[in-house]
Amino acid sequence: MEKEQKKNKKPAFVAVKGIYEIMPAEFPWWDRFLEVAEGVSKFYNFERIETGIVENADLFLRSAGGEGTDVHKEMFFIKSNKDKWVLRPEATASVARAYIEYGFSRLQQPVKLFYFGPMFRHENPQAGRYREFRQFGVEIIGGENDPVFDAQAISLASRILKEIGFKDVVVEVNSIGCRVCQPAIKKKIQKYYRTNIKKVCRDCQTRIDVNPFRVFDCKREECQEVKKAAPVFLDLVCSNCQKHLKDVLEYLEELSISYELNNNLVRGLDYYDRTVFEIFVEAGSKGEKKEENASKLAVGGGGRYDYLIEMIGGRPTAGVGFSFGVERIIEIMKKKEIKIPAQKNKYKSVFFVHVGEVAKKRSLKLVEELRKNGVGVIEGLSKDSFAKQLKMADKGGAEVAVILGQREVFEESVIIKNLKTGIQETVPVEKMAEEVKRHIK
Ligand code: AMP
């Protein structure tokens, strides 16, 4: 790799644009995130589910991505003679599909699930936005559409982030109404936008006809004024939706979760009703003062989707959930220098050094014996020089070296050397595992 860079020549093959790959040095962060996210979810009685990465396109076209949505525009279709398949752009519709397909309605309701895996969206790659990225998400499906579950989903998201070490977690919440009130809300928003149609961008001019709620997603400068003065969801949703939101907020207060009402919040996916939310963390780096970087970044989002299961062929079933964008969380963890507990890697504690051909052959068996005894071993079997092997041991952070030379083979012994103190002793082969264990405790 270094050679290629020196010549400033691009390798023949590089990762496809926008595909986020995780290199070994990054895994301690990913492991930490997953350890906390899975641990907290299981503690809250959620179970893991893993659905396929390839799905029928219609699953998403019917649910998350109707015309005018980002999902619709950004799906990766798989070329095939007769089937219309896609790489999944999100997993909620997949989990809902599995709920129907595997008869989860027969289990105790609601069913509480979590998932982790790659999602694919053909977006313009930029910082924090990739074409292959990973989401960790939870879904609460079935039972009543009780606001307590909305609060539970939000509280789980917040608890995971706090346990990882984020201090400023803010949840923005809105209600986008239900089947009863949404048609009238859409009309009101359309009417308002049509009277201001010349002041908004081309996209919003189309959105207002095709998918009116999407106008609130527009980030263009010229649309902000119209957006700010638009009719407010909270005033327009029906009394049942208002009560639902009020209950959600009261539960959040009870759980001491900080939230902000955001009247313009809608979500990029079509299947949401009532509660929608987005989760933000303060994303400035550790050294910066808060005011210098009033930058908060969305690391997750979710909401209620009481019509989703019906949209894809099941019986009416309530549901609520959220998903985190894990790359973003990892990037902010690194930037903020959030501590991850040091993991003593027991598998790197012993380095096995051999001297000479005979010893090399014999070491294969001895290394396996150490491993059978639960001792992790790094070996430099492909390096024949003693000095090179010891250097490797040093770099690998080993505390103890086990050395096998011609003489030791002959005498059926090994040398155990403490690399910190430099003290070494010769022990009979049959005592090797026991003695090594004593050293690395
Ligand atoms: P969504 O599924 O669109 O509600 O997104 C949920 C979270 O996933 C967002 O808050 C982001 O953190 C993350 N996310 C969405 N799209 C991308 C992307 N293209 N690249 C990386 N992360 C993303």
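Being a predicted model, the structure only gives us computed values, none of them experimental.

Student: For the overall build of the protein chain, give the residues involved together with the corresponding values.
Tutor: Along its length, the protein chain carries 17 helices and 16 strands. For the protein chain, the C-alpha radius of gyration of 28 Å lies well beyond 22 Å, the compact-globule estimate for 441 residues. With the principal axes as the frame, the protein chain shows a C-alpha extent of 95 × 55 × 55 Å. In the protein chain, which comprises 441 residues, the share counted as buried stands at 49%. Considering only intrachain contacts with a sequence separation of at least 6, the fraction spanning at least 24 residues in the protein chain is 70%. When the accessible surface of the protein chain is totalled, it reaches about 23800 Å², and 51% of it is carbon and sulfur.

Student: Pulling in residues and values, what's your account of empty space enclosed by the protein?
Tutor: For the structure shown, the criterion picks out one cavity of 30 Å³ or more. The calculated volume of the largest cavity comes to roughly 50 Å³. The wall of the largest cavity is formed by I49, E50, T51, R88, A91, V95, Y115, F116 and G117. Ranked by residues supplied to the lining of the largest cavity, first place goes to strand β5 (residues 111-120) with three residues. Considering only residue class, the lining of the largest cavity consists of five nonpolar, two polar and two charged.

Student: Which residues make up the sheet that holds strand β4 (residues 85-87), and what values go with them?
Tutor: One open sheet accounts for three strands, arranged β2-β4-β3; its pairing is antiparallel. In the strand order of this sheet, the two ends are held by β2 (54-56) and β3 (76-78), each with one partner. Neighbour-to-neighbour, the strand axes of the sheet open up by a mean angle of 45 degrees, direction not taken into account. Both β3 and β4 contribute to a ladder of three bridges, which runs antiparallel. Each bridged residue has a counterpart across the sheet, and for I78 the counterpart in β4 is W85.

Student: Just give me the short version of the sheet that holds strand β13 (residues 377-379), but keep the residues and values in it.
Tutor: Strand pairing in a sheet takes place through backbone hydrogen bonds and is either antiparallel or parallel in direction. Across the sheet, which stays open at both edges, the five strands sit in the order β13-β12-β14-β15-β16 with mixed pairing between neighbours. A strand with exactly one partner marks an edge of an open sheet, and here the two such strands are β13 and β16 (424-428). Between one strand axis and the next, the sheet turns by 30 degrees as a mean value, whatever way the strands run. Together, β12 (350-354), β13, β14 (400-404) and β15 (413-418) form the strand contacts of helix α14 (residues 357-372), whose direction differs from that of β12 by roughly 160 degrees. Most of the contacts of helix α15 (residues 386-395) go to β12, to which it runs at about 175 degrees, and overall it touches β12, β13 and β14.

Student: Just give me the short version of the site of the ligand, but keep the residues and values in it.
Tutor: Every one of the 14 residues lining the ligand counts as a neighbour, but R121, E123, Y130, Q135 and R267 are closest to it. In this structure, E123 approaches the ligand through a side-chain N or O atom, which is 2.6 Å from a nitrogen atom. Within the side chain of Q135, one N or O atom sits 3.0 Å away from an oxygen atom of the ligand. Coverage of the ligand by the protein chains reaches 91% of its 480 Å² of free accessible surface. The dominant element in the shell around the ligand, judged by the number of residues it contributes, is strand β10 (residues 296-304), at three residues. Looking at the shell around the ligand residue by residue, the classes come out as four nonpolar, five polar and five charged.

Student: Got a sec to walk through the side chain of R121? Specific residues and values, please.
Tutor: Counting through the fold element by element, R121 comes out in the loop between β5 and β6 (132-141). Setting aside anything within four residues of it in sequence, one finds R121 in contact with E74, F76, P89, E90, Y130, R131, F133 and Q135.

Student: Tell me about the pairing of β14, and name the residues and values.
Tutor: With five of five residues buried, β14 lies mostly within the body of the structure. On β14, burial covers both faces: V400, V402 and L404 on one face and A401 and I403 on the other are all buried. In terms of strand pairing, β12 meets β14 through five bridges, oriented parallel. Bridge assignment links V350 to a residue of β14, and that residue is V400. In this sheet, β15 lies alongside β14 in antiparallel orientation, the contact comprising four bridges. Bridge pairing in β15 links I403 to I415.

Student: Can you tell me about helix α11 (residues 239-254), naming the residues and giving the values?
Tutor: Over its 16 residues, α11 runs 22 Å from end to end, which matches the ideal 22 Å to within 8%, given 1.5 Å per residue. Turning to α11, its buried residues number three or more, namely C241, H244, L245, D247, V248, L249 and L252.

Student: Tell me what's going on with the packing of aromatic side chains, and back it up with residues and numbers.
Tutor: In this description, an aromatic ring pair is defined by two values, namely the gap between the centres and the angle between the planes. Evaluation of the coordinates by the stated rule reveals 15 aromatic pairs. Ring geometry for Y20 and W30: centres 6.4 Å apart, planes at 50 degrees, overall tilted. Here Y20, found in the loop between α1 (2-6) and α2 (27-43), pairs with W30, found in helix α2; they are ten residues apart in sequence, far enough to count as distant. Using a relative accessible area of 2% as the deciding quantity, one classes W30 as buried. Relative to F324, the ring of F33 has its centre 6.3 Å away and its plane inclined at 80 degrees; by these criteria the two rings are edge-to-face. Within this pair, whereas F33 is found in helix α2, its partner F324 is found in strand β11 (residues 319-325), the two being separated by 291 residues in sequence.

Rules of the game
- Residues numbered from 1 in each chain as written.
- Predicted model: local features only at pLDDT ≥ 70, side-chain atom pairs only at ≥ 80, totals over all residues.
- Heavy atoms only, no water.
- Helix = DSSP H or I, 4+ residues; strand = E, 2+ residues; numbered from the N terminus.
- Rg over C-alpha atoms; globule rule 2.2 N^0.38 Å.
- Buried < 20%, exposed > 50% of the residue type's maximum accessible area, 1.4 Å probe, protein only.
- Contact = heavy atoms within 4.5 Å.
- Areas by Shrake-Rupley, 256 points an atom, 1.4 Å probe, with all protein chains shown as cover.
- 1 Å grid on protein atoms, 1.4 Å probe; cavity = no way out; pocket = protein on both sides within 12 Å on 5 of 7 lines; lining within 4 Å.
- Points joined across faces, edges and corners; volume = space filled by probe spheres on them.
- Nonpolar A, V, L, I, M, F, W, Y, C, P; charged D, E, K, R; others polar.
- Pairing = 2+ DSSP bridges.
- Axes fitted to C-alpha atoms, helices over the stretch in contact; angles between N-to-C directions.
- Near = heavy atom within 4 Å.
- Polar contact = N/O pair within 3.5 Å; in protein donor to acceptor, adjacent residues only side chain to side chain.
- Expected span 1.5 Å × (residues − 1).
- Phe/Tyr/Trp six-rings, centres within 6.5 Å; stacked < 30°, edge-to-face > 60°.

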